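# Structural features, examined
Spelled out, the chains give:
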Amino acid sequence: MKITFLKSLLVLGAFLCFGSMQAQEVSGTVSDASGPLPGASVLEKGTTNGTQTDFDGNYTLTAEEGAVLIVSYIGYKTQEVAINGRTSINFTLDEDAEALEEVVIIGYGTTTVKDATGSVSSVSSEDFNGGIISSPEQLIQGKTAGVQISQASGEPGAGITLRIRGAGSVRGNNSPLFVIDGVPVSNESVSASGGDLGAGSSGAKNPLNFLNPNDIESMSVLKDASATAIYGSRGANGVVVITTKSGKGGGTSGQWGFSSNLNIATVANTYDLLSSEEFVERGGADLGGSTDWQEYLFRTTASTDNNLSYSQNYGSGNIRATFGYSKQFGIIENTDFERISGRINLTQRFFDNKLTLNAQGTVSRINDRAPFISRTSGSTGDLLAATYYSNPTLNANPNIGADPDRNPANLLTYYDDNSGTDRFLGNVSLNYAFTDELSAKINFGLDTSESTRGQVVSPDILGFTNGVIGNGRAVVSNLDTESKLMELTINYNKEFENSKLDALVGYSFQDFNRSGQNLLGQGYATSDMNQIISSTQQAYEDTRNLASNYQGYGIGTFNDLPGNGDQFRILGLTPNINSTTSSSLPNIPINAFSVDTFDFTDELQSFFGRLNYTLNDKYLFTGTVRADGSSKFGDNNKYGIFPSAAFAWKLNQEDFVNEDTFSTLKLRASWGITGNQDGLGYGAYLNRTRWDGLGIGSNSQLSAPATREVAFANPDLKWESTTQYGLGFDFGFNNDRFTATIDLYRKETNDILLNLPAVQPATSPFVFQNIDGTIVNQGAELGLDYDLIATDDFNWNANFNISYNQNELTNYDGPNIQAGNLYGQGLTGTTSQVLTDGQPLYTYELRLVDENFQVDTDPTILDKSALPKIVSGLSTSMSYKNWDASLFFSGQFGFYVYNNTANALFAAPQIGSRNNLRSVLDNNIALSATNPSTFFLEKGDFVRLQTASIGYNVPLSGEGTFKTMRLSAVGQNLFLLTGYSGLDPEVSTSDIPSNGFPSASIDYLSYPRPVTFSVGFNVTF
């Protein structure tokens, strides 16, 4: 027994001695070109023995004497080094741009380009468009096949239309869902919309212009149902996932960055109008002056964009903080856009990296100033209309009348429109890894905004007919929004011998509240427009608490009881619809004052799951299902189920494919169903009644209170559903130096949500319902990327994408519905577009005109639509040593634009008090402005040189103040090739007529696009 025990001790001792002889301690640092890399992984190859570098990039590891160390860090090329008896080994990692480009952000996770089963495109910050960028969508305009991006106008901060694979909804805006760092945001505007001062309403601002484009790291576009179905009812129009920059590359000592750009803008194109001399020679009225009104209105502006950032990687986490200031002046007087933004991104790891905390937050202030520009301004038009038609012999004196028309100088001087929006978007998430395979994440998000817009016309205004002259009129709109998000996801990731499983289940709850007030006042004792706005806001503060449970109230003389003098009438909704008159009359410095309030909350609850399975690194399967419940629908159809499935086959991994020919060869197939509730509004399935707003007439009397039905009961109202089929091919040659992607797809939207006339007799003229019919979008996409030259000193890359989409409404047996309202003298109530079976959305219906300018009596449905069939983009970039340059072209083809501006202002060759185009007079075109026809319908095809840039990276030693320095110059909208006779065929309209249809490609007094030139510098220190 003793002998056995002694033998055991000897064996154990020998083993320990042998082990101590074979194992050794290795230490060193891991760094990159800018300094130490904390948090880098150091692993003994073939084992689980490893460690991470500390704050200063140091590591210590005990490993076998002949072992190989593997050092890795996200975004850097992995290194493998044999120990070979050494006790100290330092590593310097190189950035791996290709590895970063391979990663694609998808819903609730990431994948790689090679492992994606759905149609997903990603654009990183290195490939973003440059120049003056006021909203994130502009960064990727023309960069991705199948994505149409159009700015509504040249106004700074204007709304942007973004369509992915066509228009799939009749009422909705067809915008995709935007997800910012894991928080889905509403695509409704958060800026107060303003009101009608008696001369038309103005367009909404872009809801994403609060986000500083300089903070964005990448944008992923999820196009097919397989990629978007994880977002269920919100993915029918596609999904754009925005990821902001982190501080992981900031180094342990931190890194500052500063960039500044000076932007010069001037009008790109103007109308060829008669000069004052030509006007008089052709019989125009001579008023004794000489004014080029376009020169008077348009200006050359200088704008600025500045950004300061700080990044640091401190081992167990990283932080990035930014401050941005941008001031963009529009090319029309009294137009500017100002953004002040701050952002912080924080990542912190705890408990041996098992728990990860991520916190992101953006706070911004947006200030907008807009001139009097409106699509609904009536026969006398807005500022742009007055500029184009005004008599060139009228002096530019704001106090001279131009009856029955308007004086542009007067409109510029005595109209003011200012808005301010404060917004916060932030989220905090906690991710805990229970094991290497199982983790859970909880995410809390908050999106809040407060916006106020004040519009005022001075008592000194001229050319208005609503009693404002001598009285003044103001509209103050307040809008508060709040959205709260809570999401819980559980992820299981397991690798087997020849396969891999990635499973995700989750729960999401998000609510959306919109509340605010619309204030209207007329009759002020001052001409100071600032004081008028201040008095209007103060009147509300002094009266808002004088009553309770009200929808609105009015103070002044009412037109149903003018003999009673001033009254204070309060309009309530609870416990029932009621109107009361207070015996106490508030004392306010306004002759007539009305208030209307609103407060709506919608909720969305979801359960979802996704399963990814990879076999032999060749066959990839994805299955997704999401159940969404929305408060916008009744109990009968509150929930919708949205599944999808996809398969991908890496053919280049098969033995029968020559790897020397194909570095990438993948086949993708997908199917899925997504839902849609956009354009439905609040409580559309219920029978709801509200008070009409209390208008103010030309005699400064308030309209008598009246109620109206705003929704008619339909408990069976349900989701629109879009079924999408897709087939894709990915190719790569010469180690992916040349890559190509081809996608074929078909989208079918059913159960179309529409506001149709109710069956009479009914208490409401309209009712929301799901109609029979299918909106079909089918097409093809092609993307090509080729590194034409790739050497140490010189690189040249070209990228081209093109997509074809055919849109059609089929199996629709409802009535033809008119849309596309036109505006201008004699055009009120006329339309140009129609919803009808067998035709695309936004199909034109117009009277035909012959070569003798004879116009048919009845309109004809045309085989022409406002939707482009082909959208394309071409970019090329070159670099030589420290120099680089790029060009980017965009184009749209196969669509038509209705030139409403020409119809309203330049239809006939008459010369009297109004100016006209030289071409109209020279060609003696005899058409009535009140008779819209195909004469004003034109092809909108165009090619635009969107951006051209050149940059220089100043060579620095790294020992001075600055680590890097870059100088750059960018030009935007440098030339436009088109046959369209207007200023620009790329117009995006959003007018909503009474039947609830948006319009498209109707060019009426659009804010002209500028040509811009930017010079800037970027430094790190």
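Look above for the structure.
Everything numeric here is computed off the predicted structure, so don't read it as measured data.

This next bit is on the sheet that holds strand E17 (residues 239-244). Sheet architecture is open: five strands sit in the order E11-E16-E17-E14-E15, paired in mixed fashion. Edge positions in the sheet fall to strand E11 (120-124) and strand E15 (183-185), since each of these pairs with one other strand and no more. Between one strand axis and the next, the sheet turns through 20° on average, direction left out of account.

Moving on to the nonpolar core. With 76 residues, the main nonpolar core has Tyr388, Leu835 and Phe906 as its most contacted residues. Contributing elements (two or more residues each) for this core: strand E18 (255-267), helix H6 (383-389), helix H7 (408-413), strand E38 (752-757), strand E42 (817-821), strand E44 (843-846), strand E48 (896-898) and helix H9 (900-905). Ranked by residues supplied to this core, first place goes to H6 with six residues. Setting aside anything within four residues of it in sequence, one finds Leu835 in contact with Val170, Leu754, Leu809, Tyr812, Pro815, Asn816, Ile817, Leu841 and Phe997. Counting residues in hydrophobic clusters, the runner-up holds 26 residues, among them Ile164, Ile216, Met219 and Phe337.

Looking now at helix H8 (residues 529-543). The end-to-end C-alpha distance of H8 is 21 Å, a good match for the 21 Å that 15 residues give at a rise of 1.5 Å each. Among all positions of H8, only Met529, Ile532, Ile533, Ser535, Thr536, Ala539, Tyr540 and Thr543 are buried. Projected down its long axis, H8 carries its buried residues within an arc of 160°, all on one side. The opening residue of H8 is Asp528, an N-cap whose side-chain oxygen sits 2.9 Å from the backbone nitrogen of Asn530.

As for its placement among the helices and strands, Val1019 is situated in strand E52 (residues 1010-1020). Owing to a relative accessible area of 3%, Val1019 belongs among the buried residues under this scheme. As for Val1019 and Tyr388, which are separated by 631 residues in sequence, their C-alpha atoms are 45 Å apart.

This part is about a nonpolar patch on the surface. A surface patch of nonpolar side chains, about 590 Å² in accessible area, is lined by Leu262, Ile264, Leu974, Phe975, Leu977, Phe1013 and Val1015. Mapped by element, the contributors of at least two residues to the nonpolar patch are E18, strand E51 (964-978) and E52. In terms of residue count, E51 provides more of the nonpolar patch than any other element does, three residues in total. Note on Leu262: relative accessible area 44%, which makes it partly exposed.

What follows concerns the side chain of Arg668. Along the chain, Arg668 falls in strand E33 (residues 664-676). Polar side-chain contacts of Arg668 include one of 3.1 Å to the side chain of Asp730.

Right, let's get into the sheet that holds strand E7 (residues 79-82). A sheet is described by the order of its strands in space; here four strands give the open sequence E4-E3-E6-E7, paired in antiparallel fashion. Edge positions in the sheet fall to strand E4 (50-52) and E7, since each has one partner strand and no second. Direction aside, neighbouring strands of the sheet carry axes that sit 20° apart on average.

About the cut-offs
Residues numbered from 1 in each chain as written. Predicted model: local features only at pLDDT ≥ 70, side-chain atom pairs only at ≥ 80, totals over all residues. Heavy atoms only, no water. Pairing = 2+ DSSP bridges. Helix = DSSP H or I, 4+ residues; strand = E, 2+ residues; numbered from the N terminus. Axes fitted to C-alpha atoms, helices over the stretch in contact; angles between N-to-C directions. Core = buried A, V, L, I, M, F, W, Y, C linked by side-chain atoms within 4.5 Å. Buried < 20%, exposed > 50% of the residue type's maximum accessible area, 1.4 Å probe, protein only. Contact = heavy atoms within 4.5 Å. Expected span 1.5 Å × (residues − 1). Arc of directions from axis to C-beta. Polar contact = N/O pair within 3.5 Å; in protein donor to acceptor, adjacent residues only side chain to side chain. Patch = residues over 30% accessible without salt bridge, like charges linked within 9 Å, V, L, I, M, F, W, Y side chains within 5 Å. Areas by Shrake-Rupley, 256 points an atom, 1.4 Å probe, with all protein chains shown as cover. Salt bridge = Lys/Arg side-chain N within 4 Å of Asp/Glu carboxyl O.

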